[in-house]
Amino acid sequence: MRGPQGVPLYMDWMKIASALMLGLMIALLIPRAKAMLENSPQAKPGDWTAALIPILGVIGFVLLLMSMV
Amino acid sequence: MPTQIVTSRSEGVVIQTNKLIRNTYTLLAMTLLFSAATCALSMMVDMGRGAYLVSTLAAFGLIWFALPRTANSAAGLGVVFAITGLLGFGLGPVLSMYLSLPNGSQTVMTALGGTGVIFLGLSAYALTTRRDFNFMGGFLFVGMLVILGAALLNIFLAVPVLTLTISAAVILLMSGFILHDTSRMVNGGETNYLLATVGLYLNIFNIFVNLLQLLGIAGSDD
């Protein structure tokens, strides 16, 4: 069966199911995120730099991969 | 005498940490192989695209409701394999779709290799520096909520630029989670190897899926 724009109707159900799944994940994650915000230790000087250096490496690596394909 | 007690205690902690890391990476390797097998099975039987959604939903049901109850028992091992098997099975139709595209096999292999390099590089960084990345926890979880919200919106809006942005953001967020989760193992924040394995597996899985999407977009002619 197809919808008004020729899109199969099960695609609409997939969208609804995906949205429900994401909504459920958000609902389950909110208390965990609150707890993490309250209990995470404060960053010491240099901590963010130490975390950002490898993340910048990942950004560069992904850009390199994207230019290769 | 007190020095000896302190030394033997810290040696005990080091032994426990090394055991946790060894068990986690062994189980992670086994679960990755298992999910590759279930993925191959799903591709062979030519599962429809709905399989991805159903398998992911079932896997997340196990993660949220079964894993916390079984993480300290032998049954937890079965739950971990069920989760990773389901996620691998769900990946089958997605890989089939990419493999049917021009240069699809190159895209899939690049995403696979790229994921491996990112995971090994970040793990090696966290293990060798032994820095405590626990401070990132709140930031990473809030970031995850923002991305999930954007993904929810994009289901209905279907904006290509937003899809690209979400994929890139997920890769960066999961990279942060690899640092965070590995440092939790090293610094005693995580003592259960089943939970540690599932955490790292999800990081790898999400990086692979989103890198595949980015490379698919970058490699397309449109």
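Starting from 1, residues in each chain are numbered consecutively following that chain's sequence as written. Labels are handed out in written order, letters beginning with A for the chains and numbers beginning with 1 for the ligands. The predicted nature of this model means local features are confined to residues of pLDDT at least 70 and side-chain atom pairs, given and counted, to a pLDDT of 80 or more, with totals for whole chains, interfaces and linings taken over all residues.

Visitor: Looking at this model, I keep getting lost on the overall build of chain A. Mind explaining?
Guide: Runs of H or I in DSSP of at least four residues are treated as helices and runs of E of at least two as strands, each being numbered from the N terminus. When you go through chain A residue by residue, the secondary structure sums to 2 helices and 0 strands. Put simply, chain A has 69 residues, and 10% of those count as buried. Once C-beta atoms are placed from the backbone, each residue is buried if 20 or more other C-beta atoms lie within 10 Å of its own, exposed if 12 or fewer, and partly exposed for counts between those two.

Visitor: What is the right way to look at the confidence of the model for chain B in this model?
Guide: As a note on interpretation, predicted positions should not be read in detail where pLDDT is low. The score called pLDDT rates the predictor's confidence residue by residue, from a low of 0 to a high of 100. Considering every residue of chain B, the mean pLDDT works out to 92; 95% of them sit at 70 or more. Both scores are given for the predicted complex: the pTM is 0.90, the ipTM 0.87.

Visitor: Just checking my understanding: could you explain the nonpolar core for this structure?
Guide: A general tendency of soluble globular proteins is for nonpolar side chains to be buried together. Formed by 57 residues in total, the largest nonpolar core has its most connected members in Ile83 and Leu211 of chain B. Looking at this core, the element that brings in the most residues is helix α7 (residues 193-219) of chain B, giving 14 residues. By the criterion used throughout, residues are in contact when their C-beta atoms, derived from the backbone, lie within 7 Å. Apart from residues no more than four positions distant in its own chain, Leu211 of chain B is found in contact with Val62 of chain A together with Ala111, Gly114, Thr115 and Ile171 of chain B. For this entry, the nonpolar core is defined as buried Ala, Val, Leu, Ile, Met, Phe, Trp, Tyr and Cys residues connected by C-beta atoms within 7 Å.

Visitor: Would you mind showing me how to read unusual backbone geometry here?
Guide: The phi angle of most residues is negative, glycine excepted, and most peptide bonds adopt the trans form. Residues and elements named next belong to chain B. Here Asp46, not a glycine, exhibits a phi torsion of approximately 55°, which is positive. As for its placement among the helices and strands, Asp46 is situated in the loop between α1 (2-44) and α2 (50-70). In the Ramachandran plot, Ala158 falls in the positive-phi region, its phi being about 50° despite a non-glycine side chain. Inspection of the secondary structure assignment puts Ala158 in the loop between α5 (137-157) and α6 (160-186).

Visitor: Got a minute to help me understand the interface of chain A and chain B in this structure?
Guide: Interfaces are often described in size by the accessible area the parts lose on coming together. Listed as interface residues are 35 residues of chain A and, on the opposing side, 42 residues of chain B. Put simply, the parts of the chain that give the side of chain A that touches chain B at least two residues each are α1 (9-39) and α2 (47-68) of chain A. Considering each element in turn, the side of chain A that touches chain B owes the most residues, 18 residues, to α1 of chain A. Only Asp, Glu, Lys and Arg are considered charged in this grouping, and only Ala, Val, Leu, Ile, Met, Phe, Trp, Tyr, Cys and Pro are considered nonpolar; every other residue, Gly among them, is considered polar. Broken down by class, the residue content of the side of chain A that touches chain B amounts to 27 nonpolar, 5 polar and 3 charged.

Visitor: What's the story with helix α4 (residues 104-129) of chain B in this structure? I'm lost.
Guide: Note on helix geometry: an α-helix contains 3.6 residues per turn, so any two residues three or four positions apart are oriented the same way. Between the first and last residue of a helix there are one fewer steps than residues, each counted as 1.5 Å, and that sum is the expected span. Helix length check: α4 of chain B, at 26 residues, gives a terminal C-alpha distance of 37 Å against a target of 38 Å (1.5 Å per residue), a fit within 8%. Of the residues making up α4 of chain B, those classed as buried are Thr107, Thr110, Ala111, Gly114, Thr115, Ile118, Phe119, Leu122, Ser123, Tyr125 and Ala126 of chain B. Buried residues along α4 of chain B sit in contact with α2 of chain A together with α3 (75-99), α6 and α7 of chain B. Immediately beyond the C-terminal end of α4 of chain B, within one or two residues, lies Arg130 of chain B, with a positive phi of roughly 55°.

Visitor: I would appreciate a short explanation of the packing of α3 of chain B against α4 of chain B in the present structure.
Guide: Two measures define how a pair of helices packs: the angle their axes make with one another and the distance between the axes. Residues and elements named next belong to chain B. To define axes, lines are fitted to C-alpha atoms, for helices over the stretch in contact only, and angles between the resulting N-to-C directions are given on a 0 to 180 degree scale. Running from N to C, α3 and α4 point in directions that differ by 130°, and their axes come no closer than 7 Å. In terms of axis orientation, α3 runs oblique to α4. Contacts between α3 and α4 involve Leu95, Tyr98 and Leu99 from the first element and Gly104, Ser105, Thr107 and Val108 from the second. Partitioning the contact of α3 with α4 into residue classes produces 4 nonpolar, 3 polar and no charged. For classification purposes, angles smaller than 35 degrees are called roughly parallel, those larger than 145 roughly antiparallel, those between 65 and 115 roughly perpendicular, and all remaining angles oblique.

Visitor: What's the story with the environment of Met30 of chain B in this structure? I'm lost.
Guide: Residues and elements named next belong to chain B. In this fold, Met30 is placed in helix α1. Overall, Met30 belongs to the partly exposed group, with 15 C-beta atoms counted inside 10 Å. Sequence separation of Met30 and Thr129 is 99 residues, and the distance between their C-alpha atoms is 26 Å.

Visitor: What should I look at first to understand the packing of α2 of chain A against α7 of chain B in this one?
Guide: The N-to-C vectors of α2 of chain A and α7 of chain B enclose an angle of 40°; their axes lie 8 Å apart at closest approach. Between α2 of chain A and α7 of chain B, the interaxial angle falls into the category oblique. For α2 of chain A against α7 of chain B, the interelement crossing comes out right-handed. Two secondary-structure elements touch here, α2 of chain A through Val62, Leu65 and Met66 of chain A and α7 of chain B through Leu211, Leu214, Leu215 and Ala218 of chain B. Residue composition of the contact of α2 of chain A with α7 of chain B, by class: 7 nonpolar, no polar and no charged. Left-handed describes a crossing whose near helix is turned anticlockwise from the far helix by less than a right angle; the clockwise case is right-handed.

Visitor: Explain the environment of Ala168 of chain B to me, please; I cannot follow it from the model alone.
Guide: With respect to the helices, strands and loops of the structure, Ala168 of chain B is situated in helix α6. C-alpha separation for the pair Ala168 of chain B and Leu211 of chain B, spaced 43 residues apart in sequence, amounts to 7.7 Å.

Visitor: Help me understand α5 of chain B in this model?
Guide: All names here are of chain B. Relative to the 30 Å expected for 21 residues at 1.5 Å per residue, α5 spans 30 Å between its end C-alpha atoms, a close match to the ideal helical length. Buried within α5 are the following residues: Gly137, Leu140, Phe141, Met144 and Ala151. All buried residues of α5 lie within an arc of 95° about the axis, which places them on one face of the element. Those residues of α5 that are exposed and aimed more than 90 degrees away from the buried face are Phe156 and Leu157. Trailing α5 by a residue or two, Ala158 shows a phi angle of about 50°, which is positive. By arc we mean the arc of the directions from the helix axis to the C-beta atoms, nothing more.

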